[in-house]
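Architecture at a glance
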Amino acid sequence: MKCGPLVALALLLAVFVASAWRLARPHRTASGDEARVVIRFAHSYLEAGVREAFDELARDYERLHPGVRVEQLAVPERVYLNWIITQFVGGTAPDLVQVVRGLYTDHYTRYLSSFGDQVDLPNPYNDDTAIAGGAWRDSFLDGMAGTYNEDLQDYYTVSVFPNTNRFFYNRDLLRELTGRDVPPSNYDEFLAVCVRIRERATELSRPVVAVAGSRQHAPFLLDELFRCGTQRFGHRFDPRRLGQPDLEAAYFAYLAGDWQLTDAAPLAALRMVRETGLHFQTGFTQLGREDALFAFIQGRAVMLTASSFEAHGITTLAEFPVGVAALPLPTPDHPIYGRFIAGPAWEKGANATGGFGLTQASAHPKVAQDFLYFITSQQANRRFVARTGLLPAIVGVEPTPAMAVFAPRVTGESPGFDLRSNVEVRRLTDIHLGELFGPDNAALERFAARYAAEYGEAMRASLVRPQRLRLRNLMRNDLALEAARQIAMVHGASRRQDAALVEAQNEQELIAAHNAWRLAKLANSRNPAL
Amino acid sequence: MCALLISHLTILCAALSFFAPATASAAPPPSGWNELLVYEFATAGETFVGDAPNARLGQALTLLGTQPKTAGNIARAEDLLRALAAESPRSDPGLTARYFLARIAQLHAFTPDPDRAVEHYETLIALAPDHPLAQLGTVKLIVLQLHDPALTTALRREQSDSFAARAMILPDPAARRDAALALADVALRLDEDPRRALVLLQRADAEACFAREATQANVWFQIMTLAHELGDNTLADATARRFLDRFLRDPRRMLVGRYLLVPAPSP
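This report concerns the structure included in the present document. Just so it is clear, the model here is predicted, and its values are computed rather than measured.

**Quick look at the overall build of chain B**
- Within chain B one finds 14 helices and zero strands.
- Ordered by position in the sequence, the α and β elements of chain B form the string α-α-α-α-α-α-α-α-α-α-α-α-α-α.
- Of all 267 residues assigned to chain B, the portion counted as buried reaches 51%.
- Sequence-distant contacts in chain B: of pairs separated by 6 or more residues, those separated by 24 or more amount to 48%.
- Split by element, the accessible area of chain B, about 12,500 Å² in all, is 61% carbon and sulfur.

**Concerning the overall build of chain A**
- Looking only at helices and strands, chain A features 17 helices and eleven strands.
- Split into buried and exposed, the 530 residues of chain A put 55% on the buried side.
- At a minimum sequence separation of 6, the contacts of chain A that also span at least 24 residues come to 75%.
- In the form shown here, chain A has an accessible surface area of approximately 22,600 Å², with 56% of it arising from carbon and sulfur atoms.
- Charge-centre separation for chain A: the mean point of 56 positive side chains lies 4 Å from the mean point of 59 negative side chains.

**Describing the interface of chain A and chain B**
- Taken residue by residue, the interface counts 69 residues in chain A and 70 residues in chain B.
- The three residues of chain A that bury the most area against chain B are A:R241, A:L479 and A:E503, which together make up 13% of that side's buried surface.
- Linking chain A with chain B are eleven salt bridges, by the criterion used here.
- Counting across the interface, chain A meets chain B through 26 residue pairs in polar contact (both at pLDDT 80 or more).
- Looking at the side of chain A that touches chain B, the elements with two or more residues in it are α1 (4–24), α16 (443–491) and α17 (496–523) of chain A.
- Per element, the largest residue contribution to the side of chain A that touches chain B is 18 residues, and it comes from α17(A).
- Taken together, the residues of the side of chain A that touches chain B sort by class into 33 nonpolar, 15 polar and 21 charged.

**Re the packing of aromatic side chains**
All names here are of chain A.
- The final tally for this structure, using the stated rule, is 47 aromatic pairs over all chains.
- Residues F233 and F237 carry aromatic rings whose centres are separated by 5.3 Å and whose planes lie at 80 degrees to one another, so their mutual orientation is edge-to-face. Accessibility assignment for this pair places F233 and F237 in one class, buried.
- Geometrically, the ring pair formed by F233 and W259 is edge-to-face, given 5.4 Å between the ring centres and 75 degrees between the ring planes.

**A few points about a negative patch on the surface**
All names here are of chain B.
- Together, D113, D115, E119 and D148 line one region of the surface with negative charge.
- Note that D148 resides in the loop between α8 (132–146) and α9 (153–168).
- Using a relative accessible area of 33% as the deciding quantity, one classes D148 as partly exposed.

**Here's the deal with the pairing of strand β7 (residues 165–170) of chain A**
Residue and element names in this part refer to chain A.
- The element β7 is extensively covered by neighbouring structure, given that six of its six residues are classed as buried.
- Of the two faces of β7, the one lined by N165, F167 and Y169 and the one lined by R166, F168 and N170 are each fully buried.
- Where β7 meets strand β9 (residues 301–307), five bridges bridge the pair, whose relative direction is antiparallel. Within the sheet, the bridge partner assigned to F167 lies in β9 and is T305.
- In this structure, β7 lies alongside strand β10 (residues 322–325), joined through four bridges in antiparallel fashion. What sits directly across from F167, in β10, is A325.

**Some words on α16(A)**
Residues and elements named next belong to chain A.
- For α16, which comprises 49 residues, the first-to-last C-alpha distance of 67 Å matches the rise-based estimate of 72 Å (1.5 Å per residue) to within 8%.
- At E454, α16 is deflected by roughly 35 degrees, the largest bend along its length.
- Once α16 ends, the next one or two residues include G492, with phi positive near 85 degrees.

**Points about the nonpolar core**
- With 91 residues, the main nonpolar core has B:W33, B:L61 and B:L81 as its most contacted residues.
- A per-element tally of this core places helix α10 (residues 173–190) of chain B first, with eleven residues.
- Beyond its immediate chain neighbours, meaning those up to four positions away, B:W33 contacts A:E482, A:A483, A:Q486, A:I487, B:F48, B:N54, B:L57, B:G58 and B:L61.
- Residues A:I197, A:L221, A:A249 and A:L261 belong to the second largest nonpolar core, which totals 65 residues.

**A word on the pattern of salt bridges**
- For the structure shown, the criterion picks out 53 salt bridges over all chains.
- Ionic pairing is found between B:R177 and B:D178, a salt bridge with its closest N-O pair at 2.8 Å.
- Of the charged contacts in the structure, one is a salt bridge between B:R246 and B:E213, with a shortest N-O distance of 2.6 Å. Taken together, the positions of B:R246 in helix α13 (residues 233–246) and B:E213 in helix α12 (residues 213–229) put the pair 33 residues apart, joining distant regions of the chain.
- Among the charged side chains, a salt-bridge network with shared partners connects A:R240, A:E503, A:E507, B:R177, B:D178, B:D185, B:R189 and B:R212.

**Re helix α6 (residues 92–108) of chain B**
- Buried residues dominate α6(B), accounting for 16 of its 17 residues.
- Backbone nitrogen of B:G94 and a side-chain oxygen of the N-cap are separated by 3.1 Å at the start of α6(B); the cap is B:S91.

**Structural notes on the packing of helix α15 (residues 423–432) of chain A against α16(A)**
Residue and element names in this part refer to chain A.
- Packing of α15 against α16 leaves a shortest axis separation of 8 Å and a crossing angle of 160 degrees. Taken together, the axes of α15 and α16 lie roughly antiparallel to each other. The two elements α15 and α16 meet at a crossing, and its hand is right-handed. In contact with E424, V425, L428, T429 and H432 of α15, α16 contributes F447, Y451, E454, Y455, A458, M459, A461, S462 and R465.
- A per-class count over the contact of α15 with α16 returns eight nonpolar, three polar and three charged.

**Comments concerning the state of the cysteines**
All names here are of chain A.
- Under the defined criterion, the tally for this structure stands at zero disulfides over all chains.
- Note on C194: no disulfide assigned, nearest cysteine sulfur contributed by C228 at a separation of 16 Å.
- C194 gets classed as buried once you look at its relative accessible area, which sits at 0%.

**Thoughts on the environment of A:P408**
All names here are of chain A.
- Mapped onto the elements, P408 comes out in the loop between α14 (378–388) and α15.
- Linking P408 and L141, residues 267 residues apart in sequence, is a C-alpha distance of 8.7 Å.
- The residues touching P408, leaving out its near neighbours within four places in the chain, are T164, R166, E347 and L391.

**Notes on the sheet that holds β9(A)**
Residues and elements named next belong to chain A.
- Within the open sheet, the four strands sit side by side as β8-β9-β7-β10. Their pairing is mixed. Each edge of the open sheet carries a strand with a single partner, namely β8 (209–212) and β10. In this sheet, neighbouring strand axes are inclined to one another by 25 degrees on average, regardless of whether the strands run parallel or antiparallel.
- Against the sheet, helix α5 (residues 171–178) contacts β7, β9 and β10, and its axis sits at roughly 65 degrees relative to β7.

**Looking at the packing of helix α10 (residues 264–277) of chain A against α16(A)**
Residue and element names in this part refer to chain A.
- In the contact formed by α10 and α16, the axes pass within 11 Å of each other and the chain directions differ by 125 degrees. Comparing their axes, α16 and α10 come out oblique. Read as a crossing pair, α10 and α16 show a hand that is right-handed. Residues L267, L270, R271 and R274 of α10 lie in contact with α16, whose contacting residues are A443, L444, E445, F447 and A448.
- Residue composition of the contact of α10 with α16, by class: six nonpolar, no polar and three charged.

Conventions adopted
- Sequence order as written defines residue numbering, which begins from 1 separately in each chain.
- Written order decides the labels, with chains lettered from A and ligands numbered from 1.
- Whole-chain, interface and lining totals are the exception, using all residues; otherwise, since this is a predicted model, local features are given only for residues with pLDDT of at least 70 and side-chain atom pairs are given and counted only at 80 or more.
- Only hydrogens and water are set aside when side-chain values are computed; all heavy atoms of the structure are taken into account.
- Labels follow the DSSP assignment, with helices taken as runs of H or I lasting at least four residues and strands as runs of E lasting at least two, numbered in each case from the N terminus.
- Each residue's exposure class comes from its accessible area (1.4 Å probe, protein chains only) as a fraction of the maximum for that residue type: buried when under 20%, exposed when over 50%, partly exposed otherwise.
- In what follows, residue pairs with any heavy atoms lying within 4.5 Å of each other are defined as contacts.
- Working definition of accessibility: Shrake-Rupley area with a 1.4 Å probe, residue cover restricted to the visible protein chains.
- Only four residue types enter the tally: Lys and Arg on the positive side, Asp and Glu on the negative side, with His and both chain ends excluded.
- One atom stands in for each charge, and that atom is NZ of Lys, CZ of Arg, CG of Asp or CD of Glu.
- By buried area we mean the combined loss of accessible area, with a 1.4 Å probe, across both parts when two parts are placed together.
- The rule for a salt bridge is simple: a side-chain nitrogen of Lys or Arg has to be within 4 Å of a carboxyl oxygen of Asp or Glu.
- Nitrogen and oxygen atoms within 3.5 Å of one another constitute a polar contact, given that in protein one can donate a hydrogen and the other can accept it, and given that sequence-neighbouring residues count only through two side-chain atoms.
- Asp, Glu, Lys and Arg are counted as charged, while Ala, Val, Leu, Ile, Met, Phe, Trp, Tyr, Cys and Pro are counted as nonpolar; the rest, among them Gly, fall into the polar class.
- The rule is short: rings of Phe, Tyr and Trp, with Trp giving its six-membered ring, pair when the centres are within 6.5 Å, and they are stacked under 30 degrees, edge-to-face over 60, tilted in between.
- Think of a patch as exposed residues, more than 30% relative accessible area, with no salt bridge, where like charges cluster within 9 Å and nonpolar side chains (Val, Leu, Ile, Met, Phe, Trp, Tyr) cluster within 5 Å.
- Strand pairing is assigned whenever DSSP identifies at least 2 bridges connecting the two strands.
- The span one expects for a helix is its residue count, reduced by one, times 1.5 Å.
- We define the bend at any residue as the angle between the axes fitted to the seven residues before and including it, ending there, and the seven starting there.
- Definition used in this section: a nonpolar core is a set of buried Ala, Val, Leu, Ile, Met, Phe, Trp, Tyr and Cys residues joined via side-chain atoms within 4.5 Å.
- Here an axis means a line fitted to C-alpha atoms, over the contact stretch when the element is a helix, while the angle between two N-to-C directions is reported on a 0 to 180 degree scale.
- Angular relationships are summarised with four words: roughly parallel below 35 degrees, roughly antiparallel beyond 145, roughly perpendicular across 65 to 115, and oblique for the angles in between.
- For a crossing to be left-handed, the near helix must be turned anticlockwise from the far one by less than a right angle; the clockwise case is right-handed.
- The definition used for a disulfide is geometric: two cysteine sulfur atoms within 2.5 Å.

In structure tokens, the structure reads:
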């Protein structure tokens, strides 16, 4: 009994030591690793080879940085958008996330960090290469043009691989139905091949269409045709002389009555869309991605326009030789459409598949940023390309021979505009596009009239919503800029990114003021388009 | 018995401490401005306490950022700022307060009052023309006044001339740059006066202080295009060369190459 207090004291001491050790030791990871910083990155790239390639890069990075553990989260594309928004709102987003179409400007500013301050600095992982010392931005084949956010005038994502759209064809079926061994090399040849396929399939009573389309795949060609047909027309809408059409300027001009959908150029563009779409399977505007892929892979369609990202899957699944060629777009020497066309346009490369963004919720933003530097280094990108067969994003990395045809055109003429560039206009297009492919010849005019009846309102909504978001961003940044100034007064020096933010803020304010001026003028006009 | 109780209580306390966040004790004390910088308005609001001018300024700005935005919060912010501006109009907090009174009237208020915003900006500039926010305020004033829908073209032109003269004497090159860019944009898009726009863009470029490469690339593209439009092919050529030397990955490189007097050799 006498040693009772001693036991209690010893126990107390033991518990105290254990507790002190628990509080002082570093964060324990879920997997039991200790003394490690854990960064997580999420994406929806479930295609063969991509996860494995990311995994290899993650292990390479861990070897270089033994104190860091990198975890990959692959989330199915179907639920990815909702999943990532939930993570954003719940404050549980991983350090790096794939940024996909469907996220609004608000999501960018509220949940992601800008790379504006980093893009002009070198990527340290390129130190021993021919591009050492250059700006991070210049290490990308497209100079990061594909991931530049025009609305926010800043960089919020970094692409690991670009994505381009090409036209895939079933070599056996093409030969069997048309007698050709080579794909059509121009627009007229393409249409002639489509007609031949339809005629031959009817003769043979075979359920084969020229082109497999879906809501996702058809725009790869149809939007490109519309952009092509509005190339020269689009030059009218570049009041700031920036070398590319300003969509907002085009909308304001439409609302002011300066142009109509039935003007020669947009009507010609619509005509191209119609004459091409007639060779897709019936009802394609309502079909999903898998419908088009299955139709092509099962030999029920000779051609398919798809992205470089799908190339590996398509060639793996198809039990026939697959050919890939450039989209059959008309050129300036085309006898009918040539006068509307400037020439091959640049391809920005990164599209809806997006790139990675750094979340503001990241507990280790510097490490996450460093990992992003690592995976966009020349060496890592070379390894990634070899493992996945996807296109390289980085200068000096060659695509695999099979993917050379997908290499993006990094410079060229400016593209025109399309009927899908923002939410409201895209929704209108999705509702009405099917009407453009009616069997009678009046379908084009009918579509143009119906579409035009709602086009103005969709444009107006497309102008008002970004304007609202722009003003909200200006308000938030007003406060952040003052905070930065106050901090700089204490530390005696301002950060480089603050100067960039002031510059961007003034530019955004100018755009907002201009648009408000235009909207006010429109409100006082009596244009029937309104 | 007593010792046993103590030891059990200690064990309980220690066990609870196991679940305490390990990093909590290591976090540095937040300064409200750091929180405001990353839009953490709720946390910033808890930090800006007391009656010191800087704290009251922080409180006002936090109210402006707090969501949901309410008329009550804006009015409270305005009261705090008005008091600060009245107490010590030429001090940094006083001038900052004046700047934000202008910003509220121009931007943050549910019903903006441009005339009131102009008054605040002009007062700020008169009080301390060299203060960074007075210079920034000059840029805002240019943007605000020249986009007044009631302004006639002639009147806008007159005001542009006056602002161009004021902008030239701003001490900060970044403010001169942004003022020139704003004036150039008005000349280009509202007045459709490319000659005037070119002069202003060249003035902005001469400040040589672009913080963002994208702005620099755009300004050179604009100068090149306008120079060509106006028949100054030498300037177009020189600007195209600068562009091609500096912007190696810009998708417009092929377009820029067309403005060279002697075509560049094929790569």
